[in-house]
Amino acid sequence: MWITPDVNIPNGLLEAHRENRLVVFAGAGVSVDQPSGLPLFERLAHCIGEQTGHVPSEIQLKNPDRFLGDLSEHTDVHRLASNIIGKDSSSPNALHHAILRLTTAGDGNPRIVTTNYDLHLSTAADLEEIRLQRFDGPALPMGNDFSGIVHLHGSLDQDPRRLVLTDKDFGRAYLTDAWAAQFLHRMFRQYTVLFVGYSHSDMVMEYLARGLPRGTERYALTRDDEVSKWRRLEIHPIAYPVAAGEQHTALNEVVIEWAERADSGLLSQRQRISDLVNGPPPEDPVRADYLEEALATEHTAAFFTEFARGEAWLAWAETQHSFKALATDTQSALSLVLARWFVTNFVMLESETHRALRTVQILGGRIGRVLWSEIALGLFRSKEVRPSTFKAWVALLLEADHDNQSGLLFYLLNSCKWPGDRATALLLLGISRHRTLRWLQPFQLLETSRASGNTKSGLW
């Protein structure tokens, strides 16, 4: 789905979010923009070096964890890091709030994992009166069953010595004690993961990559010039454009827009869908994808069927996966919503019924169980269907031959009128020879009724 004109969110990620299987994995890039203003890991190492009179070289900054490990032999680097990250002037930014809105949209359990030490996500939750449990490494929950905010590398609320900062700290977390690696392995096996605020070149990603089991669903919102690098880690990149001097502006726009869509109430969604279907199907990919997403769930599809009318919207619906499912035996509340819209506004309208017949051809000539029942019920209930239309649709129903629904054919037979529906009645009577004894019994009753002179209703 196109969230913005430049960013397309894969359907698999959208489904994971709808089904409460999404974990947002937040990196240092989330806390860079103001009013947070916190440094990335390499910059943090540089600041610690400056404060101790050991400014790191470019070569040393390629391995900032090792640099900090060497420095920790004679300096309390953990406390210095805590002071830098915990500065009083830093507070949650728009991206923190957007991540919270995205993960708390719907009725599911929000799941956020972060390698950041700052508490801005928790503070943002408090500001929005969202109650979330927090876990600070190494005291972590089971990776395959948790909710809330997990600080994988510790947080400012702990003794600074618990922060995963140096090469020795990372070694214990991912190799010897391996509590971080064990959490990640279970988490990736259970959930779909979206990385936000990371660069492929981040030192932290080198450690995280060791906990990425094969064959799991993981995505990363990333700069458009880093796409190929993420694929090497078997992480699906979702690219956003980066303008000169604007490192995270597009990232913020994507998460904020997605959060707004996910968090919008049913009334606002109904109004937006109404506005979109008031004209022809949109060519703009952002609006078109919004409608495609709406047609994927029962409640929002009901808004579409409430307002969408005319051949142009039927042609658009024919291209959608959820509508194509009407040709299969898939039975769901969503299929019922779409089937009733199709029958009411096209099959049963004389001005549209020929177009509806062409729709069945487009769907491969098949009528699934849900659509079959709705067409049969529509024909039975209608008092104004022309004999030629009635016959055409009955012929299609007979061709579909859903045996366990054949009782509805009896009702159609009983609603036939003489002589206009003579041909249709003969079709229905002919098919009865091949039905079960249960099917035949109603005809025997009708014959008995006819012999007694009772011909007041129906065909007889």
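Residues numbered from 1 in each chain as written. Predicted model: local features only at pLDDT ≥ 70, side-chain atom pairs only at ≥ 80, totals over all residues. Heavy atoms only, no water.

Enquirer: Outline the overall build of the protein, supporting the account with residue identities and numerical values.
Expert: Counting secondary structure elements, the protein contains 24 helices and nine strands. Burial statistics for the protein: of 460 residues in total, 51% are counted as buried. A fraction of 69% describes how many contacts in the protein between residues 6 or more apart in sequence connect residues 24 or more apart. (Helix = DSSP H or I, 4+ residues; strand = E, 2+ residues; numbered from the N terminus. Buried < 20%, exposed > 50% of the residue type's maximum accessible area, 1.4 Å probe, protein only. Contact = heavy atoms within 4.5 Å.)

Enquirer: So, the sheet that holds strand β8 (residues 218-223): which residues are in play, and what are the values?
Expert: Adjacent strands of a sheet pair through backbone hydrogen bonds, lying either parallel or antiparallel. Strand order across the open sheet formed by seven strands is β5-β6-β4-β3-β7-β8-β9, with parallel pairing between neighbours. Because the sheet does not close on itself, it has two edges, and the strands there are β5 (134-136) and β9 (236-240). Each strand of the sheet is rotated relative to its neighbour by a mean of 20°, with strand direction disregarded. Inspection of the sheet shows strand β7 (residues 192-196) paired to β8 by three bridges, in the parallel sense. Bridge pairing in β8 links F195 to A220. (Pairing = 2+ DSSP bridges. Axes fitted to C-alpha atoms, helices over the stretch in contact; angles between N-to-C directions.)

Enquirer: Lay out unusual backbone geometry with the relevant residues and their values.
Expert: Between Q34 and P35 the backbone carries a cis peptide bond, its omega angle lying at 5°. Mapped onto the elements of the fold, P35 is located in the loop between β3 (22-26) and α2 (41-52). The amide bond that connects G137 to the next residue, P138, takes the cis arrangement and shows omega of 10°. In this structure, A178 is a non-glycine residue whose phi angle is positive, near 60°. Of note in the backbone geometry, E234 takes a positive phi value of approximately 60° without being a glycine. Along the chain, the position of E234 falls in the loop between α11 (227-231) and β9.

Enquirer: Now, about the environment of L428: what can you tell me, with residues and values included?
Expert: Examined against the element boundaries, L428 turns out to sit in helix α23 (residues 422-432). Overall, L428 belongs to the buried group, its relative accessible area being 0%. Residues in contact with L428, not counting those within four places in the same chain, are V394, L398, L409, L412, L413 and C416.

Enquirer: So what about the packing of helix α18 (residues 333-347) against helix α19 (residues 353-362)? Which residues, and what values?
Expert: With their axes 8 Å apart at the nearest point, α18 and α19 run at an angle of 140° to one another. By the angle between their directions, the pair α18 and α19 is classed as oblique. Counting all contacts with α18, which are made through F342, F346 and V347, the residues of α19 involved are T353, A356 and T359. Class assignment for the residues of the contact of α18 with α19 results in four nonpolar, two polar and no charged. (Parallel < 35°, antiparallel > 145°, perpendicular 65-115°, else oblique. Nonpolar A, V, L, I, M, F, W, Y, C, P; charged D, E, K, R; others polar.)

Enquirer: Requested: an account of the environment of Q320, with residues and values cited.
Expert: Note that Q320 resides in the loop between α16 (311-317) and α17 (321-324). In this structure Q320 comes out as buried when scored by relative accessible area, which is 7%. The spatial distance from the C-alpha of Q320 to the C-alpha of A296 is 8.8 Å, given a sequence separation of 24 residues. The contact partners of Q320, leaving out residues within four places of it in the chain, are E292 and L295.

Enquirer: Lay out the pattern of salt bridges with the relevant residues and their values.
Expert: Under the defined criterion, the tally for this structure stands at 18 salt bridges. Note that R358 is salt-bridged to E311, the shortest N-O span being 3.6 Å. Taken together, the positions of R358 in helix α19 and E311 in helix α16 put the pair 47 residues apart, joining distant regions of the chain. On the basis of relative accessibility, which here comes to 39%, the residue R358 falls in the partly exposed class. A relative accessible area of 42% places E311 in the partly exposed class. (Salt bridge = Lys/Arg side-chain N within 4 Å of Asp/Glu carboxyl O.)

Enquirer: Go over the packing of α19 against helix α21 (residues 387-400), please, and point to the residues and values.
Expert: Contact geometry for α19 and α21: axes closest at 11 Å, N-to-C directions at 15°. The orientation of α19 relative to α21 falls into the category roughly parallel. For α19 against α21, the interelement crossing comes out left-handed. Touching T353, A356, L357 and V360 of α19 are T389, A392, W393 and L396, all from α21. The residue inventory of the contact of α19 with α21, partitioned by class, reads six nonpolar, two polar and no charged. (Left-handed = near helix turned anticlockwise from the far one by under 90°.)

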